[in-house]
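Coordinate analysis (summary)
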Amino acid sequence: MLKKLLATSVLLTCSFLAFSQDLSQILDSYKFRNVGPLRGGRVTAVEGVDSKPSNFYMGATGGGVWKTEDYGITWKNISDGYFPTPSIGAISVYQKQPEIIYVGTGSDGLRSNVITGKGMFKSKDEGKTWEFIGLKNAGQIGAVEIHPTNPDIVYVAAIGQAFDKNTERGVFKTVDGGANWEKVFYHSDSVGISDLELAPDNPNTIYAGAWRGERKPWTITSGSSEGGVYKSTDAGKTWSKLSKGLPTGLTGKIDFAVSPADPNVVYANIEASDNQGGLYRSADRGAFWEFVSDNSNLTNRPFYYTNIYANPKDANTVYNNALRFMRSYDGGKTWRSLSTPHGDNHDIWINPSDTTIWIQANDGGANVTQNNGISWSTQFNQPTAELYQVEVDDQYPYWLYAGQQDNYSTIAVPSMPPISVQSGSNAFIINTGGCETGPAVPKPGDPNIVYSNCKGRFGVFDKRTGQEMQYYVGASNIYGHNPKDLKFRFQRVAPIHVSPHNSGVIYHTSQYVHKTLDEGKTWEIISPDLTANEPDKQVVPGSPITRDVTGEEYYSTIYSIRESPIQEGLIWVGANDDPVHVTKDGGKTWENVTPTMPKGGRVDSVDPSPHDPATAYVAILRYLMGDDKPYIYKTSDYGKTWTLLTDGKNGIPEDFPTLVVREDPAKKGVLYAGTQFGLFISLNDGANWTPFKSNLPVTPITDIKIHQDDLVMSTMGRGFWILDNLTSLRGVNEIKDQRVVLFQTKPAIRNMMSAQSETNGPEYPRAGAKLDFYLAEKQEGLRLELINEKGQVVRTFKADAPKGEKVDTTRNMSTEFSEAPASGGLPNKVGMNHFSWNLRHQGGWDKDPKRAYTGNGPMVSTGNYTARLIAGETVLEEQFEVLLDPRMTLVTDADVAEQEALNLEIQTFRDQVDQLIVAVEKEKEALKLVIEKENTTKKIARKKSELDAIHEELVTPEGTYMQPMLEDQARYLSSMMGQADQKPGNDAYERFAELKKQFEDIKARFEALK
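Scope of this entry: the structure provided in the associated data block.

We now examine the overall build of the chain. In terms of regular secondary structure, the chain is built from six helices and 69 strands. Projected onto its principal axes, the C-alpha coordinates of the chain cover approximately 115 × 75 × 55 Å. Within the chain, the fraction of its 1010 residues that count as buried is 61%. For the chain, long-range pairs separated by at least 24 residues make up 58% of all intrachain contacts whose partners lie at least 6 apart in sequence. Put simply, the chain shows about 38,800 Å² of open surface, and 47% of that area lies on carbon and sulfur atoms. Each charge class in the chain was averaged separately, 105 positive and 126 negative side chains, and the resulting centres sit 1 Å apart.

Given below as structure tokens:
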């Protein structure tokens, strides 16, 4: 059965001539669904509301701005549709009028996957709506501070672009709510401001931390002799550099804290050279500083953390967010760790009126405490997971796999709920070996086995036991090395690829391509070094102050590998330092086929065409080199020549870096591209691109797979997304001048599973046949009929049907089959229309027309069906299959056909029972009128008594645990036979015969009374 599903054809019914419908409108009709995981990603900015202690905001590094009004029990995104970037650097609420909020985009944690900011945004209605207010090129924003008595005066600490020099950095000030900005402090195009604070009692006093922070693919630069602590006492007009008691050497990232309890006390957490890094305290507003702590956690990975905070009611109580979350009660001299729901801490805000209430941010999301950190709200309610890639298995329903940043293991979640669980979708998140970086690649044919990576460590994970066998190539820890000294340079997201021709062949890459035929027990190197390997890039990452060698900056490694799905041994690889290579003989010989392009880009994805072995596509990412341009190239001659498909003017904007490109395996020339700010599609092989927004949030699309006719994606900040059923999308550019088009329908699987919706939780579809059709204009009398193999119309839908409309259930004399009454709900709009039939018959009769034939009847059996679309004189038909759930082992197609037949008989029987009840009740009502107008005779009394007795045998009397009568007994039998796919048991037939006999006896007695 599943093979039939996977082999879905994509041919269209019509021969199209000219397409006139706007493509953007067509694309907007398709809806993506999120499938989790429902566990937060990294959050680096939080803020609360003093006067509304249950209200908090969090800013994710790739998920936008979120709000809770119930202490973190539920969260709602408030930036979607307004912000052009999902990366948030700072949030500031004007506490005297908390409907005013300022947000600076661009996270201040300069990881290699940090997402570029796009300026400042302001809300005047508590985040319901937003307006852009400037500083588009400020890059990453470290702090936003509002004047305590004038919300129009705002200061911004602009770190600047993370990967390049720029002049729009420093301290910016507005006095008109963001309409205009003045740069009130500027050092240079490479030194920005990491943090600033206003003195609580005098907002004209400002502290600012100058920081040179910059990333390259091979290193991190944090600190310089130009950095340091600056102060202004005249609202930013003039500045002086503070030095007394502060570090004397190189200064890196700086963060400040000032408590309203004592504005004279200022804390500065400073990255510095010569063992001078740590916490500094001033008791005189910065005139002199005391070095109070060199606790290593204070300046652990400073480019990533560095956040200090003072309790609003006690200047001696200080909090530090870093690898661990710590608190000091003595002004920072001694520290003690506090447990938070997740490690790697970034920010905190404490309610100044009730300092037991906090919100705290870390790599797992945001969490709220109402008791000084003793307990916290959950992070399993935030759909902001950062995922590096997506892989899929071949089971039904299929599962999605990835490395989730800041998680201890790779993960997998289902595309649909595989079973019923009581604890919601979080019960489906499973570990699959490796660690946060991934990938996790399921073994074809056996999804219980997953090949996982953890920063170059290859493992074989068994879901059944939860154990992972380790087969590291070289078996050497790569941390802490100068990459030039390593035998094998593994990047932290080192790819794993299983041959599409032989599932026993697995590839894994360092600077070489490694191949195993025994799941990692032995490895063979099948390539030379396929990287540029420039000597000046082989350096210890982290300078000039803090060394940071986790493998993330190992530059000359192979970043992407794919074997052609149509030619065995044809393998393409791309390195993170530029080169593209290809082999046609399984690795015996390799050819450098790098496109002519700017040097130093990361080949984020290679994609061999599934239609032509000579064709391949590559997506190059150069934003780590300070170049945000999109680079997607195509070759049609095995890499001899390449064509750039993204010139910044043909659809993908010139500042949208590209992460991945995939060609549709069922439609040549249909391309999907994932960029730093969303998804794009090309229907003409890259000549033009169209944004594919619909309901997708703005977030990086890190990877794409086309699987079982679905588009499956991972994102760096919003989890996994799926677009179900690509069959019609593949042909929209061929609609041309057709007025009505019915697209081929993907096989439908009889799946009785359903899952309850959760706030922000995964969206799971119900079983159904997905029927897509195009209308050039709205149609009068539009109808859709679903016809089984016998030619019987099992369900009919029509557009614009009024509720409660009388239906015709007259038996068709030629087929001896009661045709289904038409139901409303069929879409009828200009453009693409999407409709889902739930694979059920129309349901039963009801005396209330609004409750009759509501589509909850028996599920149809398997087989071939025809969808017939009738639009005026145009009649289009498409055949499709209804398939048995491929997991079924106890049930056959014949069994469900027998079940359908019995259930239809029971449905008809229940209709007859219900109609008899109505007839009896009408007779009783008529008799009641007679009794009220005339004296009751014995005959009338006897008739009333007999009618009452008949009614009592049909309808269960009101009360507690009353004996069910015929109506409920028929409903009970129907329920028994509708719980699962099954062959009916003998008792069902015997009981049905008993009920029918009982009904006939009751009906005969009633007829005799009339």
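This is not the end of the story, as more comes after the structure.
Looking now at the packing of aromatic side chains. Overall, the coordinates contain 34 aromatic pairs when judged by the stated rule. Seen in terms of ring centroids, Phe909 and Phe999 are 5.5 Å apart; in terms of plane orientation they differ by 80 degrees. Their pairing is edge-to-face. Highlighted residues: Phe909 in helix 3 (residues 893-933) and Phe999 in helix 6 (residues 986-1009), separated in sequence by 90 residues. The residues Phe909 and Phe999 share a single accessibility class, namely buried. An aromatic cluster is present here, built from Phe83, Phe121, Trp130 and Phe132 joined pairwise through their rings.

The N-to-C vectors of helix 3 and helix 5 (residues 966-976) enclose an angle of 160 degrees; their axes lie 10 Å apart at closest approach. Of the possible angle classes, the one that applies to helix 3 and helix 5 is roughly antiparallel. Viewed along their axes, helix 3 and helix 5 form a crossing whose handedness is left-handed. Of helix 5, the residues touching helix 3 (which contributes Ile906, Phe909, Arg910, Val913, Asp914 and Ile917) are Leu966, Glu967, Ala970, Arg971, Leu973 and Ser974. Its residues assigned to classes, the contact of helix 3 with helix 5 shows seven nonpolar, one polar and four charged.

Moving on, we get to the environment of Val266. Structurally, Val266 is set in strand 21 (residues 266-272). The buried category is assigned to Val266, whose relative accessible area is 0%. Here the alpha-carbon distance between Val266 and Glu197, two residues 69 residues apart in the chain, equals 9.4 Å. Those residues in contact with Val266, other than ones at most four positions away along the chain, are Tyr207, Phe256, Ala257, Val258, Tyr280, Arg281, Ser282, Arg285 and Trp289.

Take unusual backbone geometry next. Note on backbone geometry: most residues besides glycine have negative phi, and most peptide bonds are trans. Looking along the chain, the bond that leaves Gly36 and enters Pro37 is cis, with omega of 5 degrees. Examined against the element boundaries, Pro37 turns out to sit in the loop between strand 1 (33-34) and strand 2 (43-48). In the segment running from Ser543 into Pro544, the intervening peptide bond is cis, with an omega of -5 degrees. Even without glycine at this site, Glu126 takes up a positive phi of about 65 degrees. Looking at the element boundaries, Glu126 is found in the loop between strand 8 (120-123) and strand 9 (131-134). One non-glycine residue, Asn725, adopts positive backbone phi at about 65 degrees.

Taking strand neighbours across the sheet as the criterion, the four strands line up as 10-11-12-13 in an open arrangement whose pairing is antiparallel. Each of the sheet's edge strands pairs with one partner strand only, and the pair in question is strand 10 (140-147) and strand 13 (182-185). Here the average twist between neighbouring strands, direction ignored, is 30 degrees. Bridge count between strand 12 (residues 170-174) and strand 13: three bridges; the pairing is antiparallel. By the bridge assignment for strand 13, Phe172 is matched with Lys183.

On to the state of the cysteines, then. Following the criterion strictly, the structure yields one disulfide and no others. The partner cysteine of Cys435 in its disulfide is Cys454, sulfur to sulfur 2.1 Å. In this structure the cystine formed by Cys435 and Cys454 twists about its S-S bond by roughly 95 degrees; its chirality is therefore right-handed. Remark: Cys454 occurs in the loop between strand 36 (446-453) and strand 37 (458-462) and Cys435 occurs in the loop between strand 34 (430-431) and strand 35 (440-443); sequence separation between them is 19 residues. Under the relative-accessibility criterion, Cys454 is labelled buried at 9%.

In this section: the environment of Thr745. Along the chain, the position of Thr745 falls in the loop between strand 59 (740-742) and strand 60 (748-750). For Thr745 and Ala769, which are 24 residues apart along the polypeptide, the C-alpha to C-alpha distance reads 7.3 Å. Excluding residues that lie within four positions of it along the chain, Thr745 makes contacts with Lys770, Leu771 and Phe880.

Ordered in space as 35-36-37-38, the four strands form an open sheet in which the pairing is antiparallel. Unpaired on one side and paired on the other, strand 35 and strand 38 (467-470) mark the two borders of the sheet. Ignoring strand direction, the axes of neighbouring strands in this sheet form an average angle of 30 degrees. Of the pairings in the sheet, the one linking strand 35 to strand 36 comprises four bridges and is antiparallel in character. Paired with Ala440 across the bridge in strand 36 is Ser452.

With that settled, consider the packing of helix 3 against helix 4 (residues 938-954). Running from amino to carboxyl end, helix 3 crosses helix 4 at an angle of 150 degrees, the nearest separation of the two axes being 10 Å. As the angle between them shows, helix 3 and helix 4 are arranged roughly antiparallel. As helix 3 runs across helix 4, the sense of the crossing is left-handed. Of the residues in helix 4, those in contact with Val913, Leu916, Ile917, Val920, Glu921, Glu923, Lys924, Leu927, Val930 and Ile931 of helix 3 are Ile940, Lys943, Lys944, Leu947, Asp948, Ile950, His951 and Leu954. Residues belonging to the contact of helix 3 with helix 4 are distributed by class as follows: 11 nonpolar, one polar and six charged.

With five of its five residues buried, strand 24 (residues 307-311) lies for the most part within the structure. Of the two faces of strand 24, both are covered, the one formed by Asn307, Tyr309 and Asn311 as well as the one formed by Ile308 and Ala310. The pairing of strand 24 with strand 25 (residues 314-321) spans five bridges and is antiparallel. Its bridge partner lying in strand 25, Asn311 is registered against Asp314.

All right, on to the nonpolar core then. Proteins that are soluble and globular tend to have nonpolar side chains buried together. Among the nonpolar cores identified, the biggest contains 29 residues, and Tyr672, Leu679, Leu711 and Leu729 are the most heavily contacted of them. Breaking this core down by element, the ones donating at least two residues are helix 2 (23-28), strand 54 (678-682), strand 56 (701-707), strand 57 (710-715) and strand 58 (720-723). Contacts of Leu711, omitting those with residues within four sequence positions, involve Phe32, Tyr672, Leu679, Ile704, Lys705, Ile706, Trp721, Ile722, Leu723 and Leu726.

So, on to the side chain of Thr44. As for its position among the elements, Thr44 is in strand 2. Of the residues examined, Thr44 reaches a relative accessible area of 6% and is grouped as buried. Reaching out from Thr44, the side chain makes a polar contact with the backbone oxygen of Ile88 at a distance of 3.3 Å. Separated by 3.2 Å, the side chains of Thr44 and Ser107 make a polar contact.

Let's shift gears to the environment of Gly626. Here Gly626 is to be found in the loop between strand 49 (616-621) and strand 50 (631-635). Under the relative-accessibility criterion, Gly626 is labelled partly exposed at 28%. Between the C-alpha atoms of Gly626 and Asp164, which are 462 residues apart in sequence, the distance is 4.7 Å.

Cut-offs and rules
- Residues numbered from 1 in each chain as written.
- Predicted model: local features only at pLDDT ≥ 70, side-chain atom pairs only at ≥ 80, totals over all residues.
- Heavy atoms only, no water.
- Helix = DSSP H or I, 4+ residues; strand = E, 2+ residues; numbered from the N terminus.
- Buried < 20%, exposed > 50% of the residue type's maximum accessible area, 1.4 Å probe, protein only.
- Contact = heavy atoms within 4.5 Å.
- Areas by Shrake-Rupley, 256 points an atom, 1.4 Å probe, with all protein chains shown as cover.
- Lys, Arg positive; Asp, Glu negative; His and termini not counted.
- Charge placed at Lys NZ, Arg CZ, Asp CG, Glu CD.
- Phe/Tyr/Trp six-rings, centres within 6.5 Å; stacked < 30°, edge-to-face > 60°.
- Axes fitted to C-alpha atoms, helices over the stretch in contact; angles between N-to-C directions.
- Parallel < 35°, antiparallel > 145°, perpendicular 65-115°, else oblique.
- Left-handed = near helix turned anticlockwise from the far one by under 90°.
- Nonpolar A, V, L, I, M, F, W, Y, C, P; charged D, E, K, R; others polar.
- Pairing = 2+ DSSP bridges.
- Disulfide = S-S within 2.5 Å.
- Core = buried A, V, L, I, M, F, W, Y, C linked by side-chain atoms within 4.5 Å.
- Polar contact = N/O pair within 3.5 Å; in protein donor to acceptor, adjacent residues only side chain to side chain.

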